[in-house]
Each structure stands twice: as structure tokens, then as C-alpha cells.
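The primary structure of each chain is shown beneath.
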Amino acid sequence: MTITPTTTQRLVTARDRTFGAWRRVDGLARLATIVLGALVLLTVVAVLTGVFGSTSATIGGRFAPPSPLAPLGTDNLGRSFLPRLFEGIATTLVVSIVAVLCSAAISTLIGMIAGYYGGAVSELVMRIVDVLYAFPALVLAILVSALLGPGRPAAIVSIVAITIPLMTRVVRVATRTVAERDFVVSARISGVRTPVIFARRLLPNIAGTVVVQASYALSVAILVEGGLSFLGFGVQVPEASLGLLIQQGMLAMTFAPHLLIVPGAVLVVAILCINLIGDSLRDRLEPRETRSLT
Amino acid sequence: MIVVLWSIRRVLAALVTLAGVSVLIFASVRLMPGDYTDLVLGPLATEAQRALAVAASGLDLPIPEQYLRWIGGVLTGDLGYSFVSNVSVTEEFAARLPVTATIAALTVVVTLLVGIPLGFVSALRAEGSAGAVGRFVSALGISVPEFLLAGLLVFAVSTLGLGISVGQYSSFAEDPGRFFGSLVLPIVVLSVGCVAVVARNTRDAVLNVLVEPHVQASVARGETPMFIIRHHVLRNAAVPILTIVGALVAVLLGGTVIVEFVFNVPGMGSYLQTALGRRDYNIIQNAVLLAAAVFIVTALVVDLVSNAIDPRLRLTGGSRR
Amino acid sequence: MSAVTIRDLALEFDGSPPVRALDGVDLEIAEGSSLALVGESGSGKSTVASVLGRLQPRSARILRGSVEVAGTDVLALDTPALRRFRRDELAFVAQDPIASLDPTMRIGRQLQLVLQSTGRDASPARRVEMLEAMRIADPERVIPLFPHQVSGGMAQRIAIALALCRRPRLLVADEPTAALDSQVREEVVRLMFDQARALGTTILWLSHDLPAVARWCDDVAVMYAGRVVERGRAADVLGAPVHPYSRALAATDPSRIGEGERLVSIPGAPPVLHGEATGCAFEPRCPLRTDACAHTRPHPVAPRATLCIRTDELRRRVRESEVSA
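Just so it is clear, the structure is predicted and the values come from calculations on it, not from any experiment.

**Focus on the interface of chain B and chain A**
Each side of the interface is counted separately: chain B has 47 residues, and chain A has 40 residues. Of all the elements in the fold, those that place two or more residues in the side of chain B that touches chain A are helix H1 (2-31), helix H6 (128-141), helix H7 (146-160), helix H8 (176-210), helix H9 (213-220), helix H10 (225-263), helix H11 (268-277) and helix H12 (281-309) of chain B. The leading source of residues in the side of chain B that touches chain A is H10 of chain B, at 8 residues. For the side of chain B that touches chain A, the class distribution of residues is 36 nonpolar, 8 polar and 3 charged.

**Topic: the interface of chain C and chain B**
Listed as interface residues are 21 residues of chain C and, on the opposing side, 20 residues of chain B. Looking at the side of chain C that touches chain B, the elements with two or more residues in it are helix H2 (79-88) and helix H3 (107-117) of chain C. Per-element accounting of the side of chain C that touches chain B gives the leading share, 4 residues, to H2 of chain C. A per-class count over the side of chain C that touches chain B returns 9 nonpolar, 5 polar and 7 charged.

**Notes on H9 of chain B**
With 7 of its 8 residues buried, H9 of chain B lies for the most part within the structure. When H9 of chain B is considered as a whole, its buried residues turn out to be His214, Val215, Gln216, Ala217, Ser218, Val219 and Ala220 of chain B. In this structure, the buried side of H9 of chain B is in contact with H8 and H10 of chain B together with H2 and strand S6 (90-93) of chain C. Positive phi appears at Gly222 of chain B, one or two residues downstream of H9 of chain B, with a value of about 85°.

**So, the nonpolar core**
With 245 residues, the main nonpolar core has Val139 of chain A, Ala150 of chain B together with Val220 and Val222 of chain C as its most contacted residues. Not counting chain neighbours up to four residues away, the residues in contact with Val222 of chain C comprise Val38, Gly39, Val228, Val229, Glu230, Arg231, Val237, His243, Tyr245, Ser246 and Leu249 of chain C.

**A short note on the pairing of strand S9 (residues 219-224) of chain C**
Residues and elements named next belong to chain C. S9 sits mainly inside the fold: 6 of its 6 residues count as buried. Burial along S9 is two-sided: the residues Asp219, Ala221 and Met223 and Val220, Val222 and Tyr224 are all buried. Bridge analysis of strand S3 (residues 34-38) against S9 gives 4 bridges, and the strand direction is parallel. Counterpart to Ala36 in the pairing with S9 is Val220. Looking at chain direction, S9 and strand S10 (residues 227-233) are connected through 6 bridges and run antiparallel. For Val220, the partnering residue across the bridge sits in S10 and is Gly232. Connecting S9 to the next strand, S10, in antiparallel fashion are 2 residues, including Ala225 with a positive phi near 45°.

Cut-offs applied
- Throughout, a residue's number is its position along its own chain's written sequence, starting from 1.
- Lettering of chains starts at A and numbering of ligands starts at 1, both following the order in which they are written.
- Only residues with pLDDT of at least 70 get local features here, since the model is predicted, and only at 80 or more are side-chain atom pairs given and counted; chain-wide, interface and lining totals rely on the full set of residues.
- Working definition of a contact: two residues with C-beta atoms, positioned from the backbone, lying within 7 Å.
- Every helix listed is a DSSP run of H or I at least four residues long, and every strand listed is a run of E at least two residues long, numbered separately from the N terminus.
- Just so you know the grouping, Ala, Val, Leu, Ile, Met, Phe, Trp, Tyr, Cys and Pro go in nonpolar, Asp, Glu, Lys and Arg go in charged, and all remaining residues, Gly too, go in polar.
- Between the buried cut of 20 or more and the exposed cut of 12 or fewer other C-beta atoms within 10 Å of a residue's own C-beta lies the partly exposed class, and all C-beta atoms are placed from the backbone.
- A set of buried residues drawn from Ala, Val, Leu, Ile, Met, Phe, Trp, Tyr and Cys, joined through C-beta atoms within 7 Å, is what defines a nonpolar core.
- Pairs of strands are assigned from DSSP output, requiring at least two bridges between the strands.

Keep in mind these values describe shape, not function.
This is how it looks when you write it as C-alpha cells:
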């Protein structure tokens with residue numbers, strides 16, 4: 001006997017699902033996505049096409065005020081600031097995203113292994129991770145850059161080292177919860193090979209958690225890169241990153257405050273958007289019923 | 001009995017981690033590029049002078065022996081001498097540690113006094129426009145990096161006056177007023193980030209408790225919100241909040257490096273930074289070890305206290321999940 | 001005198017699209033009696049129970065209807081009055097007994113808190129008395145324990161003690177034995193009924209367990225897709241059901257099947273409504289459906305408020321089969 005919906009039930013269509021999803025995302029996160037998207041788009045255009053000017057050409061006096069040739073004025077070497085700003089954004093974003101992707105991959109792998117096998121394996125992994133975790137973040141970053149020499153690779157490696165402990169813990173806990181569920185146990189009993197279990201049964205169920213953690217890791221990454229470059233251990237001149245630009249801005253702040261404020265504002269906006277999106281992702285992927293005390 | 005066994009296990013684990021950290025620090029410091037004799041003696045030093053310098057600081061001994069000498073020194077309280085300036089590291093630590101400790105302690109106090117109530121309020125008014133404002137502000141709080149805030153404050157203070165002086169540090173013994181005055185800005189900068197983190201995590205912890213069936217059962221019995229918070233929510237939310245205090249210490253340890261740099265305060269953070277620039281092994285090793293030790297001890301204390309509060313942890317041997 | 005009167009209660013959960021959990025519920029429970037609310041998961045039983053104390057989730061909106069408990073209009077109470085009402089007239093027993101107790105607080109202390117907040121004697125002796133009344137052997141041993149240290153059955157007895165010590169007019173038990181072992185179930189149900197009847201408390205019991213319900217409850221109400229499709233005395237509704245859904249439900253009871261017969265289940269699944277049902281919600285799965293059923297919204301037909309347009313015909317059939325049996 002076929003079940004046809006009664007005339008009173010609307011079929012929940014695919015359109016409902018996508019637009020419903022967009023509508024369910026709260027206004028703040030929507031705004032954040034748009035702003036962030038615009039920023040990234042502008043940066044990509046600026047860096048790939050150089051339409052805002054060259055980042056190395058000297059076009060005027062030092063610390064000149066905004067003019068048609070240099071919409072944000074010039075920096076300490078007479079270069080137009082606007083293209084350097086975009087280069088800074090690009091460097092910061094690229095470094096952070098690359099680092100978080102590596103970190104997420106590594107954390108997911110070892111977190112799943114620790115969570116699935118438990119016991120001694122889990123203890124060993126967590127001990128090693130704990131050693132990394134015991135280092136204060138910035139100190140670890142500085143150490144890494146002292147080891148590898150300052151620059152982009154150092155920034156990337158330090159971010160990876162800092163974010164792995166956090167993500168691994170969460171992945172391990174999430175894996176443990178999923179691994180106890182019947183569909184995984186039954187797969188193991190029926191002889192499904194472990195890598196397949198990992199890929200087909202565990203991974204899809206923890207993917208949401210990983211994405212949420214990765215988004216928070218991204219905001220941490222940008223902060224770390226900023227701090228590292230600010231202290232002089234990260235990206236070096238003549239390259240640009242937001243942290244470096246802020247440091248240079250600080251030196252010039254008495255006569256050209258915009259050189260400090262603009263990159264600072266961009267940095268805050270970028271991190272804020274990522275955090276708001278991460279919050280919203282978390283609410284959606286790990287929804288929490290709200291109750292009140294009345 | 002289980003409690004005691006579990007506690008001992010935890011302490012041992014902490015010691016193992018600390019040992020691991022010390023090895024890692026030692027190795028990474030030794031691997032740093034740059035011949036220290038160049039830095040200390042200059043590139044024009046003769047072979048003989050270099051050999052003398054190396055022997056004097058024990059750098060010619062085999063690596064494992066160097067490690068053991070260092071650890072031995074740490075355990076007996078002798079932290080050696082700075083390679084560059086030949087000042088006793090122990091003395092320097094003793095002078096600078098109180099400064100950083102004061103900043104950290106006062107920041108923690110402010111953070112707990114402001115952050116936890118803020119988190120509670122935010123959780124209890126979690127929906128609607130108030131909720132959105134709360135979420136925005138809390139996201140903003142963790143989005144402003146300390147170095148930026150520090151820089152902006154320096155800018156604001158130097159251009160607008162405001163009567164607070166930057167970089168006018170004097171030690172507590174000489175002038176307590178100036179001592180605390182010079183710490184105000186660093187504490188403010190650190191507190192902003194820390195309050196935001198604590199408020200966020202408190203809010204999460206409380207929201208998680210509000211959904212638990214026993215809280216709903218209490219609502220169904222007609223208890224007032226104040227009653228429920230006082231008797232049920234506080235204790236159940238205490239453990240997650242306590243965990244955050246542990247993370248707070250980690251954040252602070254890094255943050256002090258930056259604020260001491262920007263505001264020119266002679267504490268442990270700035271000491272470490274200059275030492276890194278000069279490849280002064282001894283200082284770097286000991287400072288980082290100290291920082292890691294502080295964090296590990298804090299985490300241990302948090303764990304032990306959590307255990308005492310939440311009886312479920314005792315039974316399962318430490319893991320609530 | 002009726003302990004509970006619900007008229008035409010309709011409730012929706014926010015969402016895109018919204019979910020209509022209650023689509024016009026009519027229910028009456030006589031004071032001092034016991035009524036079982038039965039139905040599949042998703043029929044709306046728990047939602048109705050929560051509305052009795054205005055404890056529905058924040059995402060739920062009441063569209064229309066009235067709810068009266070012990071003469072009080074629940075939906076019109078202001079917050080302080082609502083709390084007093086919950087404290088004095090209502091008591092809930094939940095499905096997971098251990099989860100409904102504060103895990104960080106000893107059992108004795110939880111008893112003390114509840115006794116104190118209702119202004120009753122909260123002395124240690126009284127607490128021991130409470131546990132003894134719940135037929136807990138060795139109550140002194142239980143008092144200092146934490147909830148996770150006692151069994152499910154013990155925790156449920158404690159929950160019943162906490163519920164009844166306030167002498168409520170209405171006790172709502174939401175599948176209180178679902179999480180318990182089968183041996184313990186009988187004892188817990190017996191305890192609940194004995195204690196409640198002694199106090200004159202009205203019982204509303206949400207359950208899947210038809211045989212147990214038939215043994216203990218005076219009346220039964222069957223819910224489907226947010227409406228009560230039939231209600232009446234337990235023997236009538238479960239023994240000689242009229243509504244096609246009640247009949248299907250009664251037929252699925254494994255204890256009724258003779259040896260060698262196949263277990264029957266109802267094909268399909270209950271619908272999720274997104275608006276008011278314009279016809280009969282059971283129609284797609286009904287073996288007795290007619291074309292009119294999909295377009296005609298049924299109204300309750302006496303004497304069991306049966307929601308079926310073919311009620312009179314079906315009642316005749318039942319009477320005939322009774323006569324011929």
C-alpha cells in the first residue's frame with residue numbers, strides 16, 4: 001500500500017531546505033559571510049590584477065596623505081599603501097588557511113586513531129599532544145621561528161603546532177562517541193577494513209565538529225600570525241602581512257595614524273566575521289535546544 | 001581510595017609531560033641556528049677566545065650531559081648564568097617574576113569578577129535581540145588581538161594625554177604608586193581578551209546546564225530562577241568554568257610577552273623576548289620551562305578541584321564523557 | 001468534577017516549515033481517576049503533557065484552545081501564579097529517573113531542598129520516612145548517595161517520592177518505566193498507583209505499553225497526529241476499539257496474538273503536519289478509508305469522542321461481532 005501525503009501536508013521540497021537553511025542562519029552570521037566574502041574577493045582581485053597599484057614602486061614622498069594616485073597615502077618608503085594593504089591581507093589569509101588545513105588534516109587523523117583505538121594508543125597520542133599544549137602559544141611560535149628562521153614557513157609551522165592539540169582533543173572525544181554507536185560496531189564485527197570504517201562511517205559523522213573547530217582555529221591562526229609578525233618573528237619586510245603592517249603603523253602613528261588604524265580595523269573585522277560564522281556553524285551543526293528558567 | 005589513586009596518576013602524568021617539555025625545549029634551543037660565540041664575542045674573536053668561552057659555559061660537553069646539568073641546576077635552584085651578560089639567571093628571575101606575576105594575578109581577578117557574571121547574564125538572556133547583541137559583543141572581545149589593542153591604547157594615551165604615563169615603570173620597592181600605575185594599561189589590555197573568553201565559555205557552560213533534565217525537573221516543580229541557579233546551576237556549571245581558568249593561564253602567559261613589549265615593562269615576557277633575539281640559551285630554556293610548568297601545574301590543580309566538585313568524575317576515573 | 005479539561009488545543013513548533021504538533025486536542029480527566037495517553041512516538045503525547053504545566057519548549061507556539069487543571073486556567077496564569085501552581089498542584093515523573101536528579105547533589109539533600117521549598121518538615125527523620133514510604137529497604141544507606149550510584153528503579157522511586165511529597169492534584173508520568181528492567185517495572189507502577197490513589201491524586205500516564213495500561217488505568221485516550229482519536233474506559237477502548245487506529249494499535253499488541261499467528265504492524269508512519277489537517281490524518285494508512293476521509297475533518301462522535309466519519313457504522317460492526325462471539 002503506497003503512502004501518499006494527505007492534502008494537508010506540504011512536501012518539504014529541496015527549495016525549502018536550501019532557502020530554509022539560509023533563513024535559519026541568523027542575521028549576524030549572514031552579514032559576516034557577506035562582509036568576509038567581499039573582503040576576500042577584493043583581495044584576490046587586487047593581488048591578481050594589480051589594479052590598485054604596485055606594491056613595490058615608490059610613487060611619492062614618505063607618509064604622504066591620501067591622493068588620487070595613492071588612495072590611502074604612502075608608507076615609510078613612499079609606496080602606495082592600498083596595494084600593500086591587500087598584499088598584507090592576502091599573506092595573512094593564505095598563511096592562516098594553509099596552516100589550518102594542515103592542522104585539521106593531522107588532528108583529524110590522529111584524533112580519530114586515538115578515539116577509535118582508545119587505551120594505550122590514546123594515552124600516548126594525548127601525552128604527546130599535551131606536551132605541545134603545555135607551551136604558551138606565542139612562546140611556542142617564537143621558538144619555532146627562532147628554529148626555522150623568521151618568515152612564512154615559520155608562521156605556518158607555529159600555527160600548526162599551536163592548533164593541533166586543541167583540535168585533536170575535540171576530534172578524539174567526538175570519535176569516541178561515534179565509535180560506540182551500533183553502526184560502527186556492526187561494521188567492525190562484519191569485518192569491514194579499518195580504513196574504510198574511518199572514511200565511510202566515522203569521518204562523515206565528525207565532519208561537522210571538525211569544520212566548527214577549524215573555523216575557530218582559523219581565527220586563532222590569524223591572531224598568532226599577527227602577533228608573531230608584530231614582534232618581528234614572522235613575515236619579514238619587504239613582504240607584508242597584517243601584523244607587520246600594524247607594527248609599522250605603530251611606529252608612524254603620531255603623524256600617519258591611518259597606517260595603524262586601517263590594517264587594525266581590517267584585522268578585527270576579518271577575525272570577527274570568522275568567529276561569528278564559526279558560532280553560527282556550531283549552532284547549526286551541533287544544535288542546542290534552548291530552555292529558559294520560567 | 002579511587003580518588004587517591006586517580007590523583008596520583010594525574011600528578012605522575014603531569015610530571016611526565018613536564019619532563020617531555022623540558023626535553024623539547026632543550027632540543028629546540030640547541031638546534032637554533034646562529035653561532036652564539038659570534039653573537040656574544042663578535043665575529044672578530046679568535047679561536048682561542050671562542051674555545052675559552054665555550055668551555056666556560058659548558059657548551060663543549062656532550063649534549064645529554066648538558067641536559068642533565070641543566071635539569072640538576074633547576075632542581076637545586078641554580079639556573080646558571082646568562083651567556084651574554086653573565087648575570088645570574090636566578091637573580092633576574094627573582095627580580096622580574098613578581099612583575100609579571102602581579103600583572104597576571106590582577107588580570108585573573110578582574111577577569112573572574114567581570115567575566116563570570118557577564119557569562120551568566122548572557123546565558124540567562126540568550127534569545128532575541130539581547131542575545132544577538134551579547135553574541136556580537138562576545139565575538140568582538142575575542143577578535144581584537146592584544147597587540148592591536150595595546151598599540152591603540154598607546155596611541156590614544158600619547159595623543160590624548162589622559163594622565164596615564166606609558167613606560168614610566170619603577171619597581172615596587174621604590175615607588176608603589178608608579179609601579180601599579182605602570183601596570184594599569186597592560187592589565188586593561190589583557191583583561192579585555194580574557195574577559196571575553198571567560199564570558200563566552202561561562203555562557204556555554206550555563207546554557208548546557210540549563211538544558212539538562214534535572215534543571216527542567218526543577219522548573220516543573222515551580223522553583224524560582226534564583227533558587228535553581230543557586231542550588232543547581234552553579235555547581236553543575238562550575239567544572240567547565242574551572243577548565244577555562246586553566247586555558248586563561250595559557251593565554252596570559254603568551255599575552256604578557258606582548259604587553260610587556262609594548263608598554264615597556266621589565267617582566268619575564270620582555271626578558272624572554274630579548275633573550276631570544278640574542279640566542280641566550282640559558283635564559284630561554286629556563287623561562288620557557290617555567291612558563292610550561294606554571295601551565296601544567298594550573299591544569300593539574302584545575303583537574304583535582306574539578307574532581308572534588310563533580311562526584312561523577314571520581315567514579316569514572318576522570319572523564320565525564 | 002474534572003481534574004483536567006483540554007479543549008481544542010493546537011500548538012506549532014517554529015521552523016521552516018513549522019511543525020504542527022497538536023491539531024485540536026480535546027481531553028478530560030475525572031478527578032481522582034487515572035487516564036493513560038497512548039500513541040506512537042510523534043503523536044503529541046509528551047507535548048500535551050508539557051502544556052499542562054506550560055513547560056513546552058520556547059520554540060512552541062499555542063495557536064488556540066484552553067487548558068484547565070484543577071479549575072485553573074493554565075494558559076492565563078502570570079509567572080508567580082504559574083510557579084505556585086506548578087509547585088502545589090502538579091507533579092511530573094520523567095522517563096529517565098537518574099537524569100532528572102541533580103548529579104552533583106546527594107539524594108538526602110535533594111529531598112531536603114524539595115521539602116523545604118514547600119514549607120514542609122525537612123528533618124532527617126522525615127526524609128527517611130519518605131524513602132520508607134516508597135518501599136525502599138534501608139533508606140539510611142541511600143540518603144548519602146549520589147544519583148549515579150543507585151539503580152534506575154531506586155531512582156524512579158525517589159523521583160516519585162519527590163513528586164508526591166507535595167500532594168499534587170495531578171501526577172503526570174511520561175513513560176516512567178521505559179528505562180527500567182522488566183522485573184522492576186511492575187513494582188514501580190504499583191507503587192505509583194498505590195501512593196497516588198491514597199492521596200486522591202489524579203494520574204495521567206503516557207505509555208506505549210498497552211497491556212500494563214489496561215491493567216492499571218480507569219480510562220484510556222488514544223492520540224494520533226496531534227489529536228485524540230478515541231477515549232473512554234480502558235476496557236472499552238482497548239477491548240472493543242471503534243476507531244480504525246485504535247483497532248490497529250490494539251491488534252499490534254503481542255500479548256494478544258495466539259501461537260503461530262503473525263505479528264501485525266501498521267504499515268507506513270505517522271505524518272508530520274505543517275498546518276491544520278483538512279481531512280483525517282490517519283487516512284493514508286487506514287484499511288477502512290473512503291474517498292471522503294481525505295477531505296472531511298472528523299469531529300468527535302459520542303460516546304467515546306471518536307474521530308472518524310464512519311463511527312456509527314463501525315460501532316454497529318463491533319456490536320454485531322460481540323453478539324456473534
